[in-house]
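If you want the building blocks of each chain, they are given just below.
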Amino acid sequence: PEPDVLEWGHAVWHRTYAEAPWILSVEVTVNLGSSLSVEHLMQTDSRWAGVTLAQGPYTIGSHGCYLTCMTIAMNYYARVMQMQNPSSITPDQLNQVANAYGGFRGSDFIASKIGTLSEILFGREVVQDLSTATLSLEEIREEIRKGNLVLIGVPSIVGGHYILASALDGDT
C-alpha cells in the first residue's frame, strides 16, 4: 500500500489492527539501509551512447553522466515508493523527455527540472536534485545510511564528471 509518510530515505505506514493484520496499532518505518540496490546503467552503453544529448553536439556516451545518474535515481526511487507498475526508464528516454520539456540549457541538464521530468515519466515526482548543497564526507555517509542516493560532482581536467554514490564500504 501507499505509505502515509514518504520522505527521502524512508517510508512510514500507520495502521490499526482493523486496517492491517498486526496485533497492535503500529507505526512501521522502513529504513532503506546503507547498501542500496540500484540498477547499474552506464552512459557508454551501446544502446544509447551514440544518441545526441540535448540538441548536440555531444552524445550521451561522451557527456551523459548526469543524465545517466538521474535515470538510475529515478528508477530506484520509483521502486522504493512502490509505485504501481514502475517501469524502468533508460538514459535515452530521459534525454527525449528532457528535450521535449525544456530540461536542457544548451547541452547542460537543468537540475531544477529533474522533479518535473520525473513526474512526467512516472506520474509523480520521484527524485529531487539538491545539487546546490555541498555535503561533507560524513554528511554523504549519513545520507547513504538513511537510504538516499548521493550525486557527487567530481572535478576533472575537461570540466567534470558525475557519479552516484549508493553504498558504503567500511568508512569509505
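The sections below set out a description of the structure shown in this document. (Residues numbered from 1 in each chain as written. Predicted model: local features only at pLDDT ≥ 70, side-chain atom pairs only at ≥ 80, totals over all residues. Heavy atoms only, no water.)

Thoughts on unusual backbone geometry
The condition that has to hold: Numbered from the N terminus, helices here are DSSP runs of H or I no shorter than four residues, and strands are runs of E no shorter than two.
That bond from Gly56 to Pro57 is cis: its omega, 10°, falls within 30 degrees of zero. Backbone geometry places Ala54, a non-glycine residue, at a positive phi of 55°. Mapped onto the elements, Ala54 comes out in the loop between strand S3 (26–31) and helix H1 (60–63).

Focus: the layout of surface pockets
Selection rule: Here a cavity is any set of points on a 1 Å grid over the protein atoms alone where a 1.4 Å probe fits but cannot get out, and a pocket is any open set with protein on both sides within 12 Å along at least 5 of 7 lines; a residue lines the site when it has an atom within 4 Å of a point. Grid points are joined across faces, edges and corners, and a volume is the space filled by probe spheres set on the points. The residue classification treats Ala, Val, Leu, Ile, Met, Phe, Trp, Tyr, Cys and Pro as nonpolar and Asp, Glu, Lys and Arg as charged. All others, Gly included, are polar.
Volume-wise, the second largest pocket comes out at about 460 Å³. As for the second largest pocket, its lining consists of 22 residues, of which His63, Cys65, Asp108, Gly160 and Tyr162 are closest to the centre. For the lining of the second largest pocket, the secondary-structure elements that each account for two or more residues are H1, helix H2 (65–80), strand S5 (108–109), strand S6 (150–154) and strand S7 (161–165). Top element by residues in the lining of the second largest pocket is H2. It accounts for three residues. Here the lining of the second largest pocket is built from residues that sort into 12 nonpolar, nine polar and one charged.

Things to note about the pattern of salt bridges
Just so we agree on the cut-off: Whenever Lys or Arg places a side-chain nitrogen within 4 Å of a carboxyl oxygen from Asp or Glu, that contact is recorded as a salt bridge.
Scanning the model with the defined rule gives four salt bridges in all. Across the salt bridge formed by Asp45 and Arg47, the nearest N and O atoms sit 2.8 Å from each other.

Looking at the nonpolar core
Note the following rule: Buried residues of nine kinds, namely Ala, Val, Leu, Ile, Met, Phe, Trp, Tyr and Cys, make up a nonpolar core once their side-chain atoms join them within 4.5 Å. Throughout this description, buried means an accessible area under 20% of the type-specific maximum (1.4 Å probe, protein chains only), exposed means over 50%, and partly exposed covers the range between. Two residues qualify as a contact provided that any one of their heavy atoms is within 4.5 Å of a heavy atom in the partner residue.
In terms of nonpolar packing, the biggest core is built from 27 residues, with Met74, Leu94, Phe109 and Val126 touching the most fellow members. Counting only elements with at least two residues in this core, the list comes to H2, helix H3 (91–100) and helix H4 (114–122). The biggest single contributor to this core is H2, with nine residues. When neighbours within four sequence positions are excluded, Met74 is seen to be in contact with Ile89, Leu94, Ile114, Leu117, Ser118, Leu121, Phe122, Val126 and Val127.

With respect to the packing of aromatic side chains
How we decide: Each Phe, Tyr or Trp ring (for Trp, its six-membered ring) is paired with any other whose centre lies within 6.5 Å, and the angle between the two planes then decides the class: stacked below 30 degrees, edge-to-face above 60, tilted in between.
Inspection of the entire model under this criterion finds four aromatic pairs. Pairing Tyr66 with Phe109 gives two aromatic rings, centres 5.2 Å apart and planes at 45°, and the pair type is tilted. With a gap of 43 residues between them, Tyr66 in helix H2 and Phe109 in strand S5 connect regions that are remote in the sequence. Taking relative accessible area as the criterion, Tyr66 reaches 8% and is therefore assigned buried. Classification of Phe109 by relative accessible area gives buried; the value is 15%. Plain terms: the ring middles of Tyr66 and Tyr162 are 5.2 Å apart, the flat faces sit at 75° to each other, and that makes the pair edge-to-face. With Tyr66 in helix H2 and Tyr162 in strand S7, the pair connects residues that are 96 residues apart, well separated along the chain. Residue classification places Tyr162 among the partly exposed positions, given a relative accessible area of 34%. Every member of this aromatic cluster is reached through a ring pair, and the members are Tyr66, Phe104, Phe109 and Tyr162.

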